Amino acid sequence: MESSGAMTLNWVFYVTAAAFGAVIGSFLNVLIHRGPAFWKLVDDETRGDLISPRSYCPSCRKTIRSVHLIPLASYMMLGGKCANCGASIALRYPLVELAGALSGVAALALFGLSMEAAGVFFFFMVMIALAAIDAETGYLPDMLTLPLLIIGIIANAFDLFNATLGGAVLGVIIGYGAFRLVDIVFLKLRGIEGLGQGDAKLLAAIGAWFGWPVLPPVVFLAAIFALIGVGIASLRGAKIGKETPVPFGPALAAAAASAMIAHGLRLPYFA
Ligand SMILES: [Zn+2]
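Residues numbered from 1 in each chain as written. Predicted model: local features only at pLDDT ≥ 70, side-chain atom pairs only at ≥ 80, totals over all residues. Heavy atoms only, no water.

As named in an unreviewed UniProt entry, the protein is Prepilin leader peptidase/N-methyltransferase, taken from Hyphococcus aureus. Quoted verbatim from the Catalytic activity (unreviewed entry) field of the UniProt record, the comment on the protein reads "Typically cleaves a -Gly-|-Phe- bond to release an N-terminal, basic peptide of 5-8 residues from type IV prepilin, and then N-methylates the new N-terminal amino group, the methyl donor being S-adenosyl-L-methionine." In the Function (unreviewed entry) part of its UniProt record, the protein is described as follows: "Plays an essential role in type IV pili and type II pseudopili formation by proteolytically removing the leader sequence from substrate proteins and subsequently monomethylating the alpha-amino group of the newly exposed N-terminal phenylalanine." (UniProt positions renumbered as here; feature names shortened; annotations may be inferred.)

**Things to note about the coordination of the zinc ion**
Summarising the metal site, the zinc ion is bound by the protein donors Cys 57 (SG), Cys 60 (SG), Cys 82 (SG) and Cys 85 (SG), whose distances to it range over 2.3 to 2.4 Å. Angles of 105 to 116° at the metal separate the four donor atoms of the zinc ion, which places the site in the tetrahedral class. In primary-sequence terms, the residues that donate to the zinc ion follow C-x2-C-x21-C-x2-C. For Cys 57, a relative accessible area of 6% corresponds to the buried category. A relative accessible area of 27% means that Cys 60 is categorised as partly exposed. (Donors = N, O, S within 2.8 Å, 3.2 Å for Na, K, Ca; no water. Tetrahedral: all angles 85-135°; square planar, octahedral: opposite > 155°, others 65-115°. Buried < 20%, exposed > 50% of the residue type's maximum accessible area, 1.4 Å probe, protein only.)

**With respect to the UniProt feature "domain: Prepilin type IV endopeptidase peptidase" (unreviewed entry) in the protein**
Here, the residues flagged by UniProt with the feature "domain: Prepilin type IV endopeptidase peptidase" (unreviewed entry) are residues 121-228. End-to-end, the C-alpha atoms of residues 121-228 are 26 Å apart, and along that stretch the chain is 81% helix and 0% strand. (Helix = DSSP H or I, 4+ residues; strand = E, 2+ residues; numbered from the N terminus.)

**Section: the pattern of salt bridges**
Inspection of every chain in the model, using the stated rule, returns four salt bridges. Measuring nitrogen to oxygen at the nearest pair gives 2.9 Å for the salt bridge that ties Arg 47 to Asp 44. As a salt-bridge pair, Glu 136 and Arg 92 come within 2.7 Å of each other at their nearest N and O atoms. Residue Glu 136 is located in helix α4 (residues 115-137), and its partner Arg 92 is located in helix α3 (residues 92-111); the two are separated by 44 residues in the primary sequence. Residue Glu 136 is classed as partly exposed on the basis of its relative accessible area, which comes to 44%. (Salt bridge = Lys/Arg side-chain N within 4 Å of Asp/Glu carboxyl O.)

**Some points on the UniProt feature "domain: Prepilin peptidase A24 N-terminal" (unreviewed entry) in the protein**
UniProt's entry tags residues 20-108 with the feature "domain: Prepilin peptidase A24 N-terminal" (unreviewed entry), counted in the numbering of this structure. Taken as a whole, residues 20-108 contains 46% helix and 0% strand, while its terminal C-alpha atoms sit 12 Å from one another.

**Focus on the nonpolar core**
Among the nonpolar cores identified, the biggest contains 57 residues, and Ile 206, Phe 210 and Leu 252 are the most heavily contacted of them. Elements with a minimum of two residues in this core: α1 (11-38), α3, α4, α5 (142-157), α6 (165-190), α7 (197-210), α8 (215-235) and α9 (249-264). Per-element accounting of this core gives the leading share, 14 residues, to α4. In contact with Leu 252, other than residues within four places in its own chain, are Phe 179, Asp 199, Leu 202, Leu 203, Ile 206, Val 218 and Ala 222. (Core = buried A, V, L, I, M, F, W, Y, C linked by side-chain atoms within 4.5 Å. Contact = heavy atoms within 4.5 Å.)

**With respect to the environment of Lys 40**
Examined against the element boundaries, Lys 40 turns out to sit in the loop between α1 and α2 (73-77). Taking C-alpha positions, Lys 40 is 9.9 Å from Pro 141, a pair spaced 101 residues apart along the chain.

**Looking at a nonpolar patch on the surface**
Together, Leu 165, Val 169, Leu 170, Ile 173, Ile 174 and Trp 212 give the surface a local cluster of nonpolar side chains, amounting to about 520 Å² of exposed area. Relative to the elements of secondary structure, Leu 165 occurs in helix α6. (Patch = residues over 30% accessible without salt bridge, like charges linked within 9 Å, V, L, I, M, F, W, Y side chains within 5 Å. Areas by Shrake-Rupley, 256 points an atom, 1.4 Å probe, with all protein chains shown as cover.)

**As for the packing of α7 against α8**
Where α7 meets α8, the closest approach of the two axes is 10 Å, and the angle between their N-to-C directions is 135°. Relative to α8, the element α7 lies oblique. Where α7 crosses over α8, the two elements pack in a sense that is right-handed. Contacts between α7 and α8 involve Leu 203, Ile 206 and Gly 207 from the former and Leu 215, Val 218 and Val 219 from the latter. Looking at the contact of α7 with α8, its residues break down into five nonpolar, one polar and no charged. (Axes fitted to C-alpha atoms, helices over the stretch in contact; angles between N-to-C directions. Parallel < 35°, antiparallel > 145°, perpendicular 65-115°, else oblique. Left-handed = near helix turned anticlockwise from the far one by under 90°. Nonpolar A, V, L, I, M, F, W, Y, C, P; charged D, E, K, R; others polar.)

In structure tokens:
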């Protein structure tokens, strides 16, 4: 039995964390679908704002019945199809709900019942939303990266996370500066943007949480994930040339989430 403080964590805690994570994941799906239009990053006024209308099928626009809004279970019961029009539900929906459930369990298992676990769960949720939004739209919204950055600084200022305040502030400056520098060099040499502004802000936010020393391994891991992603995409028949825009956000988010798990496992360097 693992214990955290006076509380003994048993399976009831883990089931609750998984269910809570899956429910938050289903809210994330709404944010991923509607956020980019609401924040005027993409042009689609039909998606509604962040709280209304109620969830609807993007294909036939019929409001989804409450019984069909149960995370993961509904997708499986409906065989991945809309109950009204039979259109396929994007695989992103159950995947985000599953990622939410796993995040709840991971935060609890690695950090116990603590403020730190709550912060880590929030961190995972923002990474999932950013990865999905970047994959679908090519944007990493400021409305997600900037609050993440500010909360990281606050958490470290109050000693709720593992970096010093100085290390966190330097993490922001170095994270943003390094990617902007890459961009400027790319623009000079090739005449195209290598990384977006959003990537630089995301790396700054990651620096705010972990402090600057964790940035090099995170960027290195992200580059490996991005190469794997490109490899899988070309195996599946995508044509990827030198000028094909490949979103770096999902790889960066996956690398940051991996660093968080490494921190939770107290691995050397990440502890
Ligand atoms: Zn439908």
